[in-house]
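The primary structure of each chain is shown beneath.
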Amino acid sequence: MAKAQGGVGAVFGMVGIVGVAQIGFALLFQRLRSVFTVQVAGLAVLLIGLGLGSFGIKLVLEIDSTLITTTEHALLCVLTLGTMIVFNVWSSGYLRLFSAFLGLLAGFLASYYLGAIPAEAWELLHDAPLFYLPKPMQLGWSINLQSILPAIATGLFLALHGFGALVAAQRFNDADWKRPDLNLIKQGLFAEGLTNIFNAFLNGLPLTSSGGAVSLAASTGCTSRYLAYALAALMVLMAFMPKAIVFWQLLPLPVMGSALIFLAAFTSLSGLQVIASRLLDNRKILALGIGLILGVSYERLQASQYLQASQYLQASETLQHLLFSGVSLGVFVAVVLSAVFQIRNHTRRRKSFDAQHSSIDDVIRFLELQGKSWGARYEVVHRAEYATWQAFEILTEHGLCDVTTANNDKIELETIFNEYTFTVILYYKGKALPISTHAPSHEAMLTDDGAVTQMAGYMLHRLADQVRSRHDGERCELRLLFND
């Protein structure tokens, strides 16, 4: 942008457009609940972890023979990663909380002892002032029409990367996490967009959420907002202390790489857990699988001779931004495929069953198929299967379903799914099942013939989160609702 589109000022104008685009996509993401699903959120978390781990491996494998030998290099890796693991697994309290920091400290001390820190780095630390008031650059900014589309594409992929980091933060902060809170994600992306708009006027570079920071919170198990306030104050203070900033740059590559591997392990496995918490059909397997493959292959795609030789990609800066990052590329592909696969993927299904001859396997097969199609949680679908079959037995064994003629021995089963509930509705001809929120007394069970049906309705009420029964003319309806 600086070379081809009007100087450095055009870069900062593009940063402002990136921020505006992030705000726009924050509003859009909140409305696209059907494609920004739990599975896509899990894929984003998984790709963040794999990206951190891949970069950590790359740092570990880069050996500078002018500073240390291969043996010393390996020793730094083992010492740093081993210290983190020991304090994280076999300790508690503050030692576990600062396990990552203690590992970095051990790696730094070992690097100092082995002479792995170059003399130039020590000189830079020595020359850096302790306190320094920043002087904003006065380079100005401008907007070039040719930069708008690439800037919007950049804003999209920064928003997708931020989506993954924010989902990971929500997942680590809530042990009972079930789905991404798109309203909070919108607020987080709003904050990033506003920050980049301010950066444009301050001649700064675009920012997005840090996957490594989220992974650090996951590894220590500390996600308190009060800690966030203290860290924010510390970061503001360090922004005026160049010596403190340069100090962290003294860490050799094997030490930083080992830390990234340690943090990536928590994020990657958390992403897998999120994906595995939902049933998957072929549509979701293809959308997530292709997105994962492309996200993991991000660096190879960038270096691909075919893409480098493609005249079309060379001529289109917007398409080149599709390779912005592995997380963004993988999530983008998964979201697009999920949207395409919504075609003919209805949220309401209905099927008739023979009340006398249908088996539990028939009911389970139908409900599992719907659960996979909609990505419902396994626990919810399993509860629905058991409760629905119990409803079948109650209707037939207690004479509530009219099976006197060949035309009346059918029970129609309808399933409805939205973001929060999995609903099963049974339609039949006969009598409505009385639903009770309390069990009948022992005396009523012995003397009252209707107490058995009341007990059946009470047990069904215990199996589902909500149960409704009504009689409409000749047809009855029994609705079982399960919170997802």
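Okay, so let's go over this structure. (Residues numbered from 1 in each chain as written. Predicted model: local features only at pLDDT ≥ 70, side-chain atom pairs only at ≥ 80, totals over all residues. Heavy atoms only, no water.)

Considerations on the overall build of the protein
Along its length, the protein carries 22 helices and 5 strands. Looking at the protein residue by residue over its 484 residues, the buried ones come to 44%. Accessible surface for the protein amounts to roughly 25700 Å². Of this, 63% is attributable to carbon and sulfur atoms. (Helix = DSSP H or I, 4+ residues; strand = E, 2+ residues; numbered from the N terminus. Buried < 20%, exposed > 50% of the residue type's maximum accessible area, 1.4 Å probe, protein only. Areas by Shrake-Rupley, 256 points an atom, 1.4 Å probe, with all protein chains shown as cover.)

Thoughts on helix H20 (residues 378-397)
Along an α-helix, residues three or four apart share an orientation, since each turn contains 3.6 residues. In a regular helix each residue adds 1.5 Å, so 20 residues correspond to 28 Å; H20 covers 29 Å between its end C-alpha atoms and thus fits that length. Turning to H20, its buried residues are Val380, Val381, Ala384, Glu385, Ala387, Thr388, Trp389, Ala391, Phe392, Ile394 and Leu395. Taken together, the buried residues of H20 touch strand S1 (348-354), helix H19 (360-374), strand S2 (410-417), strand S3 (421-429), helix H22 (451-463) and strand S5 (475-483). Two residues or fewer past H20, Gly399 is found with a positive phi of approximately 70°. (Expected span 1.5 Å × (residues − 1). Contact = heavy atoms within 4.5 Å.)

Overview of the pattern of salt bridges
Summed over all chains, the structure comprises 7 salt bridges. One salt bridge in this structure joins Glu477 and Arg470, with 3.3 Å as the shortest N-O distance. On the accessibility criterion, Glu477 (10% relative accessible area) is buried. A relative accessible area of 45% means that Arg470 is categorised as partly exposed. For Arg479, the salt bridge identified is with Glu477, shortest N-O distance 3.2 Å. When its relative accessible area of 23% is taken as the criterion, Arg479 is described as partly exposed. A network of salt bridges, in which partner residues are shared, links Arg350, Glu412, Glu414 and Arg475. (Salt bridge = Lys/Arg side-chain N within 4 Å of Asp/Glu carboxyl O.)

Notes on the nonpolar core
Membership of the largest hydrophobic core comes to 40 residues, with the highest contact counts inside it found for Phe29 and Phe163. Listed by contribution, the elements that provide at least two residues to this core are helix H1 (8-31), helix H2 (38-61), helix H7 (148-173), helix H8 (182-201), helix H12 (253-276) and helix H18 (326-340). The element contributing the most residues to this core is H2, with 11 residues. If we skip the residues at most four places from it in the chain, Phe29 touches Phe36, Leu156, Ala159, Leu160, Leu182 and Leu189. (Core = buried A, V, L, I, M, F, W, Y, C linked by side-chain atoms within 4.5 Å.)

Notes on the sheet that holds S2
One open sheet accounts for 5 strands, arranged S1-S2-S3-S5-S4; its pairing is antiparallel. Here the strands that pair on one side only, and so sit at the sheet edges, are S1 and strand S4 (466-472). Within this sheet the neighbouring strands show an average axis-to-axis angle of 15°, counted without direction. Where S1 meets S2, 7 bridges bridge the pair, whose relative direction is antiparallel. Paired with Lys351 across the two strands is Leu413, which belongs to S2. (Pairing = 2+ DSSP bridges. Axes fitted to C-alpha atoms, helices over the stretch in contact; angles between N-to-C directions.)

Focus on the packing of aromatic side chains
Inspection of every chain in the model, using the stated rule, returns 16 aromatic pairs. For the ring pair Tyr112 and Trp122, a centre distance of 5.8 Å and an interplane angle of 80° mean the geometry is edge-to-face. In this pair, Tyr112 sits in helix H5 (residues 99-114) while Trp122 sits in helix H6 (residues 119-127), placing the two residues 10 residues apart along the sequence. Looking at Trp122, the relative accessible area reads 30%, which means it is partly exposed. Feature note: the residues Phe101, Phe108, Tyr112, Trp122, Phe247 and Trp248 constitute an aromatic cluster, connected by ring pairs. (Phe/Tyr/Trp six-rings, centres within 6.5 Å; stacked < 30°, edge-to-face > 60°.)

So, the packing of helix H13 (residues 282-296) against H18
Remark: H13 packs on H18, axes separated minimally by 8 Å, with the N-to-C direction vectors making an angle of 160°. Judged by the inter-axis angle, H13 sits roughly antiparallel to H18. Note that H13 runs across H18; the crossing there is right-handed. Of the residues in H18, those in contact with Leu286, Ala287, Ile290, Gly291, Leu294 and Gly295 of H13 are Gly326, Leu329, Gly330, Val333, Ala334, Leu337 and Ser338. (Parallel < 35°, antiparallel > 145°, perpendicular 65-115°, else oblique. Left-handed = near helix turned anticlockwise from the far one by under 90°.)

Some details on the pairing of S5
Pairing of S3 with S5 involves 9 bridges; the strand directions are antiparallel. Paired with Leu426 across the strands is Leu478, a residue of S5. Here S4 pairs with S5 via 7 bridges, running antiparallel. Directly across from Gln466, in S5, lies its bridge partner Leu481. Joining the antiparallel neighbours S4 and S5 is a turn of 2 residues, in which Gly473 adopts a positive phi near 70°.

What about the environment of Met14?
Within the secondary structure layout, Met14 lies in helix H1. For Met14, a relative accessible area of 13% corresponds to the buried category. A C-alpha to C-alpha distance of 8.6 Å links Met14 and Pro150, two positions 136 residues apart in sequence.

A word on the side chain of Thr421
Along the chain, the position of Thr421 falls in strand S3. Once residues within four sequence positions are removed from consideration, Thr421 is found in contact with Ile416, Leu481, Phe482, Asn483 and Asp484.

Remarks on the state of the cysteines
As enumerated under the stated definition, the model contains 0 disulfides in all. Sulfur of Cys401: no disulfide; nearest cysteine sulfur belongs to Cys476 and is 8.9 Å away. Overall, the relative accessible area of 5% leaves Cys401 in the buried class. (Disulfide = S-S within 2.5 Å.)

Notes on the pairing of S2
Where burial is concerned, most of S2 is hidden: 6 out of the 8 residues are buried. By the bridge criterion, 6 bridges tie S2 to S3 in an arrangement that is antiparallel. Each bridged residue has a counterpart across the sheet, and for Glu414 the counterpart in S3 is Ile425.

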